Amino acid sequence: MAQYLISVLDDTTGSATEAEMAAIGEFNERLRAGGHWVFAGGLAAPETATVVDARDGNPVFTDGPYLETKEYVGGFWIIEAPDFDVALPLAALASQRCNRRVELRPFLSA
Amino acid sequence: MTDVREVLTRVHREEWARVVATLARRIGDLDVAEEMTAEAFAAAVERWTADGVPPNPGAWLTTTAYRRAVDRIRRESRREEKHREALMLADTPEPLGVIDDDRLRLIFTCCHPALAVEARVALTLRLVGGLTVPEIARAYLVQEAAMSRRITRAKTKIKAAGIPYRVPSRDDLPARITGVLAVLYLIFNEGYLTSDPAKEAVRADLTGEAIRLTRLVRTLLPDDHEVTGLLALMLLTEARRPARVSATGELVVLAEQDRSAWDRDLIAEGHALVRACIATGRPPGRYQILAAINAVHTDARDARDTDWSQVAALYDHLVRVDPSPIVRLNRAVAVAELDGPQVALAEVEGLPLDGYHAYHATRAELLRRMGRGGEAREAYDRAIELAGNSAETAYLRRRRDQLGGW
């Protein structure tokens, strides 16, 4: 089994409509039923981010995101699948259901 | 020595893909599979020269490559070793796809839709075709280092993303085979009309390789009529290659080609394949229709005997399957022969193909036939600007300059 990250690309936060939320809920059920579910969640806006740099032992906190981009990761799924060809159609379904573009990325295998 | 070289060249052509594919299945690593196969061929040069060619060269190569792969993996880290050894010992066949052939798995892996199209082409030529990285780089006008990176990156992605080494299931097969055929057709077209003005206009090595790989796919999937259609299309196109460029390096258009120079054997084979497709009675796909169009052209002893109404009917059919502006542009050429240049021009005007040289070349020819020389000249200029192929540019220049005082 391999794990994959499906991240949702968006330019606004919490912008899913009710219909989209319902479709996402159904998709989550399907992931659970198929044994693919690991975790999923939506993220608050990038402006709420805090960049923390404590590499030299003196933490510095910076208000705001590390990268300023128009589009960002608005939420994500972590799924489990035997191989890429199982993960890919799930990512396609994720994109369709949440009505956003998504990025599919494998985790480094342990 | 010469004999061994000749045998090696032939065996390389026939066995490369099989050895890489077998190794890839048994050790689960495309990178190692490819490197060890290359090493086995290098070893063969020495051994076969000294000891003679073994009775079964393919088996000798597979065994040698496999032993080297095992040695190599043993030298790797402990964890990797355990993992791979487990894989090797088990040697469990994957759930069987539609056809259980290692080469077919290899082709589908190389042409996976999650890889960039250029990477699919490069990987297919390298792993299935057995071309060297410098050869592929030369064919696609990329620096060797860049091509090497492209191939490495694709192989890394296959490994890291867990792209399986498998023939798709029956349900997924039609969608995936379309991508495979597109890659093979891209390779063929790059050979047939090289995109770079600095290269020779026609690259027989690439068209030959594309045909060889398509033949291979057809032996593996004999019932897929689009595969047959693509092979027929390639053969009927390749048949005209000897007549396609003049002694002075200028493109010779279909109507002006010396038809006695066409390869009759390839035409006969192509026609037989087209007939076989038609005989199935199933609705033809894009490649079958294109092959049928080429069959009509190659059927005519003289350009004037071309059955244009049949060509136009086939294009009508193609428009329904693939309503792209390029298909409509090509259809207009047949329309011009049947209904005259005015009708054809009306259909061509406004197609969203301003960046495509053939669009301007077609307009130029139509305008010329209508006596609108000034506009034709402008269209030729634009076509010349956009055309990448040296023979094509030479042809367009001559046509433009013939307009004379207009």
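Predicted, not measured: the structure shown is a model, and the values here were computed from it. (Residues numbered from 1 in each chain as written. Chains lettered and ligands numbered in written order. Predicted model: local features only at pLDDT ≥ 70, side-chain atom pairs only at ≥ 80, totals over all residues. Heavy atoms only, no water.)

1. Here we look at the overall build of chain A
Alright, step 1. Within chain A, the regular secondary structure consists of two helices and six strands.
Alright, step 2. Order of helices (α) and strands (β) in chain A, N terminus to C terminus: β-α-β-β-β-β-α-β.
Alright, step 3. Dimensions of chain A, computed from C-alpha atoms along their principal axes, come out at roughly 45 × 35 × 20 Å.
Alright, step 4. When each of the 110 residues of chain A is scored for burial, the buried share is 29%.
Alright, step 5. Across chain A, contacts joining residues at least 24 apart in sequence account for 77% of those joining residues at least 6 apart.
Alright, step 6. Treating the 8 positive side-chain charges of chain A as one cloud and the 16 negative ones as another, the clouds have centres 4 Å apart. (Helix = DSSP H or I, 4+ residues; strand = E, 2+ residues; numbered from the N terminus. Buried < 20%, exposed > 50% of the residue type's maximum accessible area, 1.4 Å probe, protein only. Contact = heavy atoms within 4.5 Å. Lys, Arg positive; Asp, Glu negative; His and termini not counted. Charge placed at Lys NZ, Arg CZ, Asp CG, Glu CD.)

2. Examining the interface of chain A and chain B
Alright, step 1. Each side of the interface is counted separately: chain A has six residues, and chain B has nine residues.
Alright, step 2. Here chain A packs against chain B, burying approximately 650 Å² in sum over the two surfaces, 55% of which is carbon and sulfur.
Alright, step 3. It is D83, F84 and D85 of chain A in chain A that bury the most area against chain B; as a group they hold 66% of the surface buried on that side.
Alright, step 4. If you look at where chain A meets chain B, you find two salt bridges.
Alright, step 5. Two residues, D85 of chain A and R176 of chain B, come together in a salt bridge whose shortest N-O distance is 3.6 Å.
Alright, step 6. Across the contact surface, chain A and chain B share four residue pairs in polar contact (both at pLDDT 80 or more).
Alright, step 7. Looking at the side of chain A that touches chain B element by element, the count peaks at three residues for helix 2 (residues 84-98) of chain A.
Alright, step 8. Considered class by class, the residues forming the side of chain A that touches chain B number four nonpolar, no polar and two charged. (Buried area = accessible area lost by both parts, 1.4 Å probe. Salt bridge = Lys/Arg side-chain N within 4 Å of Asp/Glu carboxyl O. Polar contact = N/O pair within 3.5 Å; in protein donor to acceptor, adjacent residues only side chain to side chain. Nonpolar A, V, L, I, M, F, W, Y, C, P; charged D, E, K, R; others polar.)

3. So, the domain arrangement of chain B
Residues and elements named next belong to chain B.
Alright, step 1. Domain annotation of chain B identifies domain 1 (1-94), domain 2 (98-163 + 171-221) and domain 3 (223-290).
Alright, step 2. Computed over C-alpha atoms, the centres of domain 2 and domain 3 are 21 Å apart.
Alright, step 3. In this assembly, 19 residues from domain 2 lie in contact with 21 residues from domain 3.
Alright, step 4. For the domain 2 face of the interface with domain 3, the top three residues by lost area are Y185, Y192 and R218, together amounting to 34%.
Alright, step 5. At the boundary of domain 2 and domain 3, one finds one salt bridge.
Alright, step 6. E269 is the partner of R215 in a salt bridge, and the nearest nitrogen-oxygen pair spans 2.7 Å.
Alright, step 7. Linking domain 2 with domain 3 are seven residue pairs in polar contact (both at pLDDT 80 or more), by the criterion used here.
Alright, step 8. The greatest single-element share of the side of domain 2 that touches domain 3, amounting to eight residues, is contributed by helix 10 (residues 204-220).
Alright, step 9. In the side of domain 2 that touches domain 3, the residues fall into 15 nonpolar, two polar and two charged. (Domains from an automatic or database assignment.)

4. Here's the deal with the sheet that holds strand 6 (residues 101-106) of chain A
All names here are of chain A.
Alright, step 1. The sheet built from four strands is open, its strands ordered 2-5-1-6 with antiparallel pairing. Two strands close off the open sheet at either side, each with one partner strand: strand 2 (37-42) and strand 6. Pairs of neighbouring strands in the sheet enclose a mean axial angle of 20°, with direction left out of account.
Alright, step 2. Lying over the sheet, helix 1 (residues 18-33) contacts strand 2 and strand 5 (72-81), oriented at roughly 25° with respect to strand 5. (Pairing = 2+ DSSP bridges. Axes fitted to C-alpha atoms, helices over the stretch in contact; angles between N-to-C directions.)

5. Observations concerning the UniProt feature "domain: YCII-related" (unreviewed entry) in chain A
Alright, step 1. Within the UniProt annotation, "domain: YCII-related" (unreviewed entry) is assigned to residues 15-91 of chain A.
Alright, step 2. Secondary structure content for residues 15-91 of chain A is 31% helix and 31% strand, while the C-alpha to C-alpha distance between its ends is 20 Å. (UniProt positions renumbered as here; feature names shortened; annotations may be inferred.)

6. Here's the deal with the side chain of E226 of chain B
All names here are of chain B.
Alright, step 1. When you line up the elements, E226 lands in helix 11 (residues 225-238).
Alright, step 2. Among the polar contacts listed, one links the side chain of E226 to the backbone nitrogen of Y287, at a separation of 3.0 Å.
Alright, step 3. Aside from chain neighbours lying at most four places away, what touches E226 is L181, G285, R286, Y287 and Q288.

7. Observations regarding the pairing of strand 4 (residues 60-63) of chain A
All names here are of chain A.
Alright, step 1. In this structure, strand 3 (residues 50-53) lies alongside strand 4, joined through four bridges in antiparallel fashion. Opposite D53, over in strand 4, you have V60 as the bridge partner.
Alright, step 2. Between strand 3 and strand 4, which pair antiparallel one after the other, the connecting turn spans six residues, and G57 there sits at a positive phi close to 90°.

8. What to know about the pattern of salt bridges
Residue and element names in this part refer to chain B.
Alright, step 1. For the coordinates displayed, the defined rule picks out 39 salt bridges over all chains.
Alright, step 2. The salt bridge involving R25 is made with D102; its shortest N-O contact spans 2.8 Å. Here the residue R25 occupies a position in helix 1 (residues 2-27), and D102 occupies one in helix 5 (residues 102-110), the gap between them amounting to 77 residues.
Alright, step 3. Overall, R25 belongs to the partly exposed group, its relative accessible area being 27%.
Alright, step 4. Between E35 and R72 there is a salt bridge whose closest N-O contact spans 3.1 Å. Residue E35 is located in helix 2 (residues 30-51), and its partner R72 is located in helix 3 (residues 57-75); the two are separated by 37 residues in the primary sequence.
Alright, step 5. Through salt bridges with shared partners, a single ionic network connects D31, E34, R126 and K155.

9. As for the packing of aromatic side chains
Alright, step 1. Under the definition given, this model contains seven aromatic pairs over all chains.
Alright, step 2. Measuring from centroid to centroid gives 5.1 Å for F27 of chain A and W77 of chain A, while their planes differ by 85°, and the two rings are edge-to-face. Note that F27 of chain A is positioned in helix 1 and W77 of chain A in strand 5, a separation of 50 residues in sequence.
Alright, step 3. For F27 of chain A, a relative accessible area of 0% puts it in the buried group.
Alright, step 4. Relative to W60 of chain B, the ring of W48 of chain B has its centre 5.4 Å away and its plane inclined at 70°; by these criteria the two rings are edge-to-face. (Phe/Tyr/Trp six-rings, centres within 6.5 Å; stacked < 30°, edge-to-face > 60°.)

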